[in-house]
Amino acid sequence: QVHVAQSGGGLVAAGGSLRLSCLVSGRAIISFGMSWFRRAPGKEREFVAAITWNAGVEYYADSVKGRFTISRDKAIDTVLLQMDSLKTEDTAVYYCAGDSISTVEEVYTFWGQGTQVTVSS
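Conventions and cut-offs
Residues numbered from 1 in each chain as written. Predicted model: local features only at pLDDT ≥ 70, side-chain atom pairs only at ≥ 80, totals over all residues. Heavy atoms only, no water. Helix = DSSP H or I, 4+ residues; strand = E, 2+ residues; numbered from the N terminus. Buried < 20%, exposed > 50% of the residue type's maximum accessible area, 1.4 Å probe, protein only. Disulfide = S-S within 2.5 Å. Pairing = 2+ DSSP bridges. Axes fitted to C-alpha atoms, helices over the stretch in contact; angles between N-to-C directions. Salt bridge = Lys/Arg side-chain N within 4 Å of Asp/Glu carboxyl O.

J.: If you had to explain unusual backbone geometry to someone new, which residues and values would you point to?
T.: Across residues other than glycine, the phi torsion is negative in most instances, and most of the peptide bonds are trans. The omega angle of the peptide bond from Gly98 to Asp99 is 5°, so this bond is cis rather than trans. Structurally, Asp99 can be placed in the loop between β9 (92–98) and β10 (110–111). The phi dihedral of Asp77 falls on the positive side, at around 50°, and the residue is not glycine. Mapped onto the elements of the fold, Asp77 is located in the loop between β7 (68–73) and β8 (78–83). On the accessibility criterion, Asp77 (25% relative accessible area) is partly exposed. Not every positive phi belongs to a glycine, and Ser85 is a case in point at roughly 50°. Along the chain, the position of Ser85 falls in the loop between β8 and β9. Accessibility expressed as a relative area gives 42% for Ser85, which makes it partly exposed.

J.: Please set out the state of the cysteines residue by residue, giving values where relevant.
T.: Overall, the coordinates contain one disulfide when judged by the stated rule. A sulfur-sulfur distance of 1.9 Å marks the disulfide that ties Cys22 to Cys96. What sets the handedness of the Cys22 and Cys96 disulfide is the S-S torsion sign, and at about 60° it is right-handed. Taken together, the residues Cys22 in strand β3 (residues 18–26) and Cys96 in strand β9 connect sequence positions 74 residues apart.

J.: Help me get a handle on the sheet that holds strand β1 (residues 2–7), residues and values and all.
T.: Ordered by their spatial adjacency, four strands build an open sheet running β1-β3-β8-β7, and the pairing between neighbours is antiparallel. Each edge of the sheet is formed by a strand with only one pairing partner; in this case those strands are β1 and β7. Averaged over neighbouring strand pairs, the angle between their axes works out to 15° when direction is ignored. Here β1 runs beside β3; their pairing, made up of six bridges, is antiparallel. The partner of His3 across the bridge, within β3, is Ser25.

J.: Any details on the pattern of salt bridges? Residues and values, ideally.
T.: One side chain can pair with another of opposite charge once the charged atoms of both are near each other. Across all of its chains, the model carries five salt bridges by this definition. Between Arg38 and Glu46 there is a salt bridge, and its shortest N-O distance comes to 2.9 Å. Take Arg38: its relative accessible area is 4%, and that puts it in the buried class. Since its relative accessible area comes to 36%, Glu46 is described here as partly exposed. Where Arg38 meets Asp90, a salt bridge forms, and the shortest distance between an N and an O atom there is 3.0 Å. With Arg38 in strand β4 (residues 33–39) and Asp90 in the loop between β8 and β9, the pair connects residues that are 52 residues apart, well separated along the chain. Judged on exposure class, the residue Arg38 and its partner Asp90 are both buried. In the salt-bridge network here, residues are joined through shared partners; they are Arg38, Glu46, Arg67 and Asp90.

Taken by themselves, the reported measurements are silent on function.
In structure tokens, the structure reads:
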């Protein structure tokens with residue numbers, strides 16, 4: 001059984017930074033990759049970033065490119081999202097998901113519980 005524990009998030013002023021963490025435990029094996037999605041108020045869940053587990057190749061949505069950095073620690077089955085230069089439009093519930101590299105959320109087999117990120121003006 002897969003357990004996905006997210007941490008980080010919170011309230012930050014525009015221009016500030018936050019770091020999200022996602023720990024995968026249980027019997028899950030990450031063989032392909034992990035991704036971050038987010039759901040802003042009144043909007044559908046959207047792709048944010050992804051990273052391949054083997055080579056660490058990164059993919060980003062255009063809206064966060066240059067501001068967010070995804071990384072992974074294979075030794076502890078953890079994926080991170082460093083968020084810099086935050087904007088009010090980044091306000092959303094953020095979810096980590098695996099084990100895939102895709103903008104299509106239906107292909108993911110496990111999800112974190114979500115964590116709130118609120119960016120104030």
